[in-house]
Amino acid sequence: MTPTWRSEDSPTYPPIRILDWGRVALRGIALLGVLVLGVLLTALLRLIERPVYGTGRPWTGWITVLVCRLALWIMRLRVIHTGAPMERDGAFVANHSSWLDIFVLNAAAPLFFVSKAEVAGWPGIGWLARITGTVFVRRNRQEADRQRALLEGRIAEGHRLLFFPEGTSTDGRRVLPFKPTLFAALFSEALSDIQVQPVSVVYAAPDGRDPRFYGWWGDMEFGPHLLHVLAARRQGKVEVVWHPPLQVADFIDRKTLAKAAEQVVRQGHPLGQDRSVEAGQ
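Note that the coordinates shown come from a computational prediction; the quantities given were computed from them, not determined experimentally.

Visitor: What's the story with the overall build of the protein in this structure? I'm lost.
Guide: Check the secondary structure of the protein and you find eight helices and eight strands. On the principal axes, the C-alpha backbone points of the protein span a range of 60 × 50 × 35 Å. A burial count over the protein gives 51% of its 281 residues as buried. In the protein, of all internal contacts separated by at least 6 residues, the share reaching a separation of at least 24 is 75%. For the protein, the accessible surface area stands at approximately 14000 Å², while carbon and sulfur atoms represent 58% of it. Separation between the mean location of the 33 positive side-chain charges and that of the 26 negative ones in the protein comes to 5 Å.

Visitor: Can you walk me through the environment of I155 in this structure?
Guide: Topologically, I155 is positioned in helix α5 (residues 144-156). Here the alpha-carbon distance between I155 and G90, two residues 65 residues apart in the chain, equals 6.6 Å. Not counting residues up to four positions away in its chain, the partners in contact with I155 are L161, L186, L191 and I194.

Visitor: Explain the pattern of salt bridges to me, please; I cannot follow it from the model alone.
Guide: Side chains that differ in sign of charge can pair as their charged atoms come close. Within the structure shown, the criterion is met by ten salt bridges. Three or more residues joined by partner-sharing salt bridges are found here, namely D9, D210 and R212.

Visitor: What is the right way to look at the packing of aromatic side chains in this model?
Guide: How two aromatic rings sit relative to each other is given by the distance of their centres and the angle of their planes. Considering all chains together, one arrives at eleven aromatic pairs under this definition. Summarising the aromatic geometry, the rings of W99 and F222 are spaced 5.3 Å apart at their centres and angled 80° between planes, so their arrangement reads as edge-to-face. Taken together, the positions of W99 in the loop between β2 (90-94) and α3 (100-106) and F222 in helix α6 (residues 222-231) put the pair 123 residues apart, joining distant regions of the chain. Relative accessible area serves as the criterion here: at 8%, W99 is assigned to the buried category. Ring pairing ties together the aromatic residues Y13, Y203, F213 and Y214, which thus form one cluster. Looking at R76, its charged tip hangs above the ring of W73, at a distance of 4.4 Å from the centre. The ring of F112 has R154 lying over it, and the distance from NZ or CZ to the ring centre is 5.5 Å.

Conventions adopted
- Residues numbered from 1 in each chain as written.
- Predicted model: local features only at pLDDT ≥ 70, side-chain atom pairs only at ≥ 80, totals over all residues.
- Heavy atoms only, no water.
- Helix = DSSP H or I, 4+ residues; strand = E, 2+ residues; numbered from the N terminus.
- Buried < 20%, exposed > 50% of the residue type's maximum accessible area, 1.4 Å probe, protein only.
- Contact = heavy atoms within 4.5 Å.
- Areas by Shrake-Rupley, 256 points an atom, 1.4 Å probe, with all protein chains shown as cover.
- Lys, Arg positive; Asp, Glu negative; His and termini not counted.
- Charge placed at Lys NZ, Arg CZ, Asp CG, Glu CD.
- Salt bridge = Lys/Arg side-chain N within 4 Å of Asp/Glu carboxyl O.
- Phe/Tyr/Trp six-rings, centres within 6.5 Å; stacked < 30°, edge-to-face > 60°.
- Lys NZ or Arg CZ within 6 Å of the ring centre and 35° of its normal.

This is how it looks when you write it as structure tokens:
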């Protein structure tokens, strides 16, 4: 079982003032409306897409992209892209800081996230994850073979999977060591020419706010964190660095590939090279 990353203290948030609650209401209603509409359109389109393409999702993936872009616009969170997602089949790996990562990364291109199985049971979030094609896995050795076969099958079907090898979210101020478990699926003989693209996701808090403002980790509750993000009059920004893809065949095993991908992601993160920050010192 992957341990949850924790810190000694939580970020400080200013109280939400009366005027801020108006902003929360407007943004919250708009965000909910976009999500509900996206779910309805996805469900309806799957009635046509499923008989034609089976588990493939050449159409509904673009609804998810549009919904995520609208959600970021509603929240007024500015996203800066350096590089671009690879267009060929393959996998993506990124550092993980927040629930916002889902919107930020899925707004760039149709991707399918690999998530821990517990997320499937989360109210609201789990339902959204299931309808958008998220792959749920349990990170334990007893189910390693089944999980590997599941990931191999999804990639072979043309699904571009994105997973977070740190195995947990952090405060956005560090990059944790990558766990090699999920990389094993990329070494299947059926995926002889596969590539994996490392992605660095770097958040910058709004002026005057705690640098960890967008981070969501440990036992932090989703609701209060969402409210503070919606209440912010001026948002910060997030930079997404799409690094050159790595050819899986160039690596001898999952551990060497995981290490190489980790190093690339660290290079694209301002604090990624600072081991004292990673250790929470």
